[in-house]
Amino acid sequence: MDNVATIGTTAHGHADEHAHEELGFWRKYIFSVDHKVIGIQYALTGLLFLLFGFTLMMIMRWQLAYNGAPIPLIGQWLGDARAPQGIMLPEFYNQLGAMHGTIMVFMGVVPLAVGGFGNFVMPLQIGAPDMAFPKINMMSYWVYFLGGVVMLTSFFQTWDGGVGAAQSGWTSYPPLAVISAGQTMWLIGMIFLITSSLLGALNFLVTIIQLRAKGLSYMRLPFFCWAQFVTGFLLLLAFPPLEAAGVLQLMDRLAGTSFFLPSGLVVAGKPLAVAGGGNAILWQHLFWFLAHPEVYVLILPAMGIVAEIIANNTRKPLWGYRAMVYSIIFLGFMSFIVWAHHMFMTGMGTVMSTFFQTTTMIISVPSVVILTALLLSLYGSSMRFNTPMLFALAFLPMFGIGGLTGLPLGLAVTDIPLHDTYYVIAHFHYVVAPGTIFALFAGIYYWFPKATGRMMNETLGKIHFWGSFICINIVFMPMFIQGLAGMNRRMYDGGALYTHNAGLPLELNLYIGMAAWTMGLFQLPFIVNFFVSIKWGKKVDRNPWQSTTLEWSAPSPPGHGNFLTEPIVYRGPYEYSVPGAPNDFTPQFEPEKSEKGR
């Protein structure tokens, strides 16, 4: 550890020598190796992809609310292959659904939560001058960007009889995904995105292990750093199987192999001319071995952000910090042995079903421990209800609803009737939308002054919060009702023509659509607030929230090398309201009185 501190000091010394070397625009802002610039690149790109993915959903909601009506404003520009006379075709609806899920998860939430917040905040919180491998860090962003561009250009690809992107769902299940058009670009884009995550995960793990400041032991790490640490292991261990599977499915499509194509398939009345012998279920195993840990890749950074903000705005230490750390480690481990609860419909047998049901119930325990600890941290506190705190507080019940509604899906007897219904959509979105995305908004409002030296406007922030909070519940809560009534997902007409939906109030789709479009309007105050505050927001000092963790010892915004002097850590991360202390916060970087006198 001393050697690492010496290396950091030496690096800072060299930085002083080259302080006057002016980097050009391209090296400073585009092809930068500075973790802060890369974090901002990830964050801005992820936010743009989130906006685009959200726009796709709003177009889908129009089709569900007004089945067969021309799409307003943009319908005439979509072309006859997607929407003749502005009326959406079922194939285009499937493309929107597949790309909405892919963009929001792999190109929006994960890059923002891990690439954005992880890159910008984590090195500052551990007192590092930069990431361990700055050039690999730059490469991880540009490989991600390239994967995103490939995904978006897939909307413009053409084939015999059609045009557009992948339409086999965000899970790309074979044999449909192998024989249907449009999936090749999706697979190539996913390979780029997975490679980016692997490069980033390697960098995160080495940085946290090797570049911690002097005095920063593992049990003095902020909970956010623990969340990123465990997330790094999940990405490093879970993504390679899916990358291998993506390459194999790409070979099935382009090279005539049959890794996932079984024998005897008949397509359009003709036998499929492949050797056969492949196994479509193998893809599901390889996909969900990543995609279930992926759920925790989404939620663990969100938990870390919420923990930082709750501790800061309750002016209290986190309740049960060590229990939370042990729980998040256990959560990461267990996430690798629950994947097949997505596959009860495949007929895996009662013994295997029982195993995965049991592990699914066990994995709910550490989640409950973390959520309970965060709730208990609120007890007896005098909360500051600023915008980051409102989003962080909303995360708690929303994630709770998402988690509780997931339990029936972890049991085969209840999952089988609920599988592929709107109940699944409601459950997952409560975890990811009002759960994870609210936490990400909280983090943006909280660390914005560290990144820019200016505060975001509180009034616009609260308008953004309350509008989003009300609308998002109107969007997703009725989907539980639709799912329990038997409405299947991926119905481009909202189930209007299906007998088993008889009696279901299809007007719910109209109410959901109106809430979704209104929620889109409530993102405008955030967009305006974000960009206006960069230039005209209230200027702040290095620690506007009076926080205790190490990133607030750096200038706002931090310069090259992050810290003016070598940071040293003297205590744990959440020393708030310590009896006998002169202030209600005692930063990690503030020496003891005996240390000051030396």
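Our subject is the structure that appears above.
Residues numbered from 1 in each chain as written. Predicted model: local features only at pLDDT ≥ 70, side-chain atom pairs only at ≥ 80, totals over all residues. Heavy atoms only, no water.

A. Broad picture of the overall build of the chain. The helix and strand inventory of the chain stands at 18 helices and 4 strands. Relative to its full complement of 598 residues, the chain shows a buried share of 56%. In the chain, the proportion of contacts linking residues at least 24 apart, taken out of those at least 6 apart, comes to 78%. Per element, the accessible surface of the chain, about 24,600 Å² overall, is 69% carbon and sulfur. (Helix = DSSP H or I, 4+ residues; strand = E, 2+ residues; numbered from the N terminus. Buried < 20%, exposed > 50% of the residue type's maximum accessible area, 1.4 Å probe, protein only. Contact = heavy atoms within 4.5 Å. Areas by Shrake-Rupley, 256 points an atom, 1.4 Å probe, with all protein chains shown as cover.)

B. Representation of helix α16 (residues 507-521). In a regular helix each residue adds 1.5 Å, so 15 residues correspond to 21 Å; α16 covers 22 Å between its end C-alpha atoms and thus fits that length. Residues of α16 that are buried: Leu508, Asn509, Ile512, Gly513, Ala515, Ala516, Met519 and Gly520. Projected onto a plane normal to the axis of α16, the buried residues spread over an arc of 165 degrees and lie on a single side. Where α16 is buried, its residues touch α3 (35-65), α15 (458-484) and α17 (524-536). (Expected span 1.5 Å × (residues − 1). Arc of directions from axis to C-beta.)

C. View of the nonpolar core. Counting 171 residues, the largest nonpolar core has Met99, Phe117, Phe223, Leu300, Leu374 and Phe395 as its most contacted members. With 20 residues, the single largest contributor to this core is helix α14 (residues 422-452). For Leu374, the residues in contact, after removing those within four places along its chain, are Val306, Ala307, Ile310, Leu318, Met324 and Leu396. (Core = buried A, V, L, I, M, F, W, Y, C linked by side-chain atoms within 4.5 Å.)

D. Region of interest: the environment of Leu235. Within the secondary structure layout, Leu235 lies in helix α8 (residues 223-254). Considering only alpha carbons, one finds Leu235 and Arg322, 87 residues apart in sequence, at a separation of 23 Å. Not counting residues within four places of it along the chain, the set of residues in contact with Leu235 comprises Val114, Ser197, Leu198, Ala201, Pro240, Glu294 and Val297.

E. Fine view of the pattern of salt bridges. Under the defined criterion, the tally for this structure stands at 5 salt bridges. A salt bridge links Arg489 to Asp420; its shortest N-O distance comes to 3.7 Å. Here the residue Arg489 occupies a position in the loop between α15 and α16, and Asp420 occupies one in the loop between α13 (412-418) and α14, the gap between them amounting to 69 residues. Given a relative accessible area of 23%, Arg489 falls into the partly exposed group. The salt bridge partner of Arg490 is Asp420, with a shortest N-O separation of 3.5 Å. Here Asp420 lies in the loop between α13 and α14 and Arg490 lies in the loop between α15 and α16, a separation of 70 residues in the sequence. Residue Asp420 is classed as partly exposed on the basis of its relative accessible area of 27%. Among the charged side chains, a network of salt bridges with common partners joins Asp420, Arg489 and Arg490. (Salt bridge = Lys/Arg side-chain N within 4 Å of Asp/Glu carboxyl O.)

F. Seen up close, the side chain of Ser553. With respect to the helices, strands and loops of the structure, Ser553 is situated in the loop between α17 and α18 (593-596). The exposure class assigned to Ser553 is buried, which follows from its relative accessible area of 16%. Engagement of the side chain of Ser553 in a polar contact is seen with the backbone oxygen of Leu550, the distance being 2.8 Å. With sequence-adjacent residues up to four places away left out, Ser553 is seen in contact with Arg542, Phe563 and Phe589. (Polar contact = N/O pair within 3.5 Å; in protein donor to acceptor, adjacent residues only side chain to side chain.)

G. Layout of a nonpolar patch on the surface. A surface patch of nonpolar side chains, amounting to about 690 Å² of accessible area, comprises Ile40, Leu44, Leu51, Leu521, Leu524, Ile527, Phe531 and Ile534. Put simply, the parts of the chain that give the nonpolar patch at least two residues each are α3 and α17. Of the residues forming the nonpolar patch, the biggest block, 4 residues, is contributed by α17. Of note, Phe531 is situated in helix α17. (Patch = residues over 30% accessible without salt bridge, like charges linked within 9 Å, V, L, I, M, F, W, Y side chains within 5 Å.)

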